Amino acid sequence: MEERPWHRFYSPDVSPDFTFPASPLFRLLDDRAAQNPDLIALAYYQETITYRELAKRVNRFANALISQGLRKGERVMLMLPNCPAYVVAYYGTLRAGGVVAQVNPLYVEREVQYLAQDSGARFLVVAGPLYPRVAGLLQSTSLEAIIVAQLGAETPVDSAALSLASLLAEASDADPAVPISPADVAVLQYTGGTTGLPKGAMLTHANLVAN
């Protein structure tokens with residue numbers, strides 16, 4: 001590789017270059033599921049999920065999004081805390097060819113509305129207790145569907161909402177086989193907005209694999 005001025009400050013055992021896999025981000029999960037399918041991938045309260053089961057749920061969510069009309073490059077907003085549904089929705093969106101736009105679960109309706117309008121998202125996955133905060137966005141943004149992930153005790157929702165559990169139960173766990181390039185955008189990571197409105201930084205699959 002080309003010599004840079006700062007290379008002379010590197011320790012002898014530090015390589016000036018780094019090679020990372022040229023693959024979509026979800027391939028890391030595929031590899032782990034193939035190598036150690038029975039290892040626990042997620043532990044959430046009393047629930048444990050193996051890598052095999054996680055990979056199946058990811059495929060189910062990807063296929064569910066595709067059946068709902070998601071096309072490659074379209075955005076899916078995730079408004080979820082740390083929970084299995086977040087991991088499934090994140091990797092499932094990427095596997096379906098979508099772009100994840102993450103939303104702080106503490107945001108109020110006007111803040112979520114801005115992110116929905118700015119990202120042009122068609123889908124929002126939200127935790128059940130947060131649904132009342134976003135229910136009205138179907139009329140004021142590009143959102144076409146709100147998918148509710150129930151966490152523990154079920155939160156009442158109206159008929160406009162889709163159930164994540166139902167979508168997963170009805171979808172196939174086969175690989176949707178959407179062609180993804182490492183150069184494709186994977187995530188719109190919104191800034192904190194401390195000097196104005198949040199701005200979406202485009203992160204590719206290659207960016208995140210390298211990270």
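The paragraphs below set out a description of the structure included in this document. (Residues numbered from 1 in each chain as written. Predicted model: local features only at pLDDT ≥ 70, side-chain atom pairs only at ≥ 80, totals over all residues. Heavy atoms only, no water.)

1. Observations concerning the overall build of the protein
At step 1: From N to C terminus, the protein includes seven helices and nine strands.
At step 2: Relative to a compact globule of 211 residues, whose C-alpha radius of gyration would be 17 Å, the protein shows 19 Å and is just as compact.
At step 3: With the C-alpha coordinates of the protein rotated into their principal frame, the extents come out at 60 × 45 × 35 Å.
At step 4: Residues classed as buried in the protein amount to 43% of the 211 residues present. (Helix = DSSP H or I, 4+ residues; strand = E, 2+ residues; numbered from the N terminus. Rg over C-alpha atoms; globule rule 2.2 N^0.38 Å. Buried < 20%, exposed > 50% of the residue type's maximum accessible area, 1.4 Å probe, protein only.)

2. Some words on the environment of Ser181
At step 1: With respect to the secondary-structure elements, Ser181 resides in the loop between α6 (164-170) and β8 (185-190).
At step 2: Distance in space between the C-alpha atoms of Ser181 and Pro129 is 36 Å, their sequence separation being 52 residues.

3. Looking at the pattern of salt bridges
Pairs can form between side chains of opposite charge once their charged atoms are near each other.
At step 1: Counted under the stated rule, the structure contains twelve salt bridges.
At step 2: Across the pair Arg27 and Asp30 runs a salt bridge whose closest N-O atoms are separated by 2.8 Å. Of this pair, Arg27 and Asp30 both sit in helix α1 (residues 27-35), three residues apart, which is roughly one turn of the helix.
At step 3: Assessed through its relative accessible area of 21%, Asp30 is described here as partly exposed.
At step 4: Taking the shortest distance from any N to any O, the salt bridge between Glu74 and Arg122 comes out at 2.7 Å. In this pair, Glu74 is assigned in the loop between α2 (51-67) and β3 (75-79) and Arg122 in the loop between α4 (109-119) and β5 (123-127), connecting sequence segments 48 residues apart. Both residues of the pair, Glu74 and Arg122, count as buried.
At step 5: Residues participating in the shared-partner salt-bridge network are Glu47, Glu53, Arg57, Arg60 and Asp173. (Salt bridge = Lys/Arg side-chain N within 4 Å of Asp/Glu carboxyl O.)

4. Description of the environment of Val125
At step 1: Secondary-structure assignment places Val125 in strand β5.
At step 2: Taking the C-alpha atoms as reference points, Val125 and Met77, 48 residues apart in sequence, are found 6.1 Å from one another.
At step 3: If near-sequence neighbours (up to four positions away) are discounted, Val125 is found in contact with Phe61, Val76, Met77, Leu78, Met79, Leu80, Ala89 and Ile147. (Contact = heavy atoms within 4.5 Å.)

5. Brief notes about the packing of aromatic side chains
At step 1: In this structure the tally under the stated criterion is four aromatic pairs.
At step 2: Ring centres of Tyr86 and Tyr90 lie 6.0 Å apart, and the angle between their planes is 20 degrees; this geometry places the pair in the stacked category. Separated by four residues within a single helix, Tyr86 and Tyr90 lie in helix α3 (residues 84-95), roughly one turn from each other. A single burial state applies to Tyr86 and to Tyr90, both of which are buried.
At step 3: Ring pairing ties together the aromatic residues Tyr86, Tyr90 and Tyr91, which thus form one cluster. (Phe/Tyr/Trp six-rings, centres within 6.5 Å; stacked < 30°, edge-to-face > 60°.)

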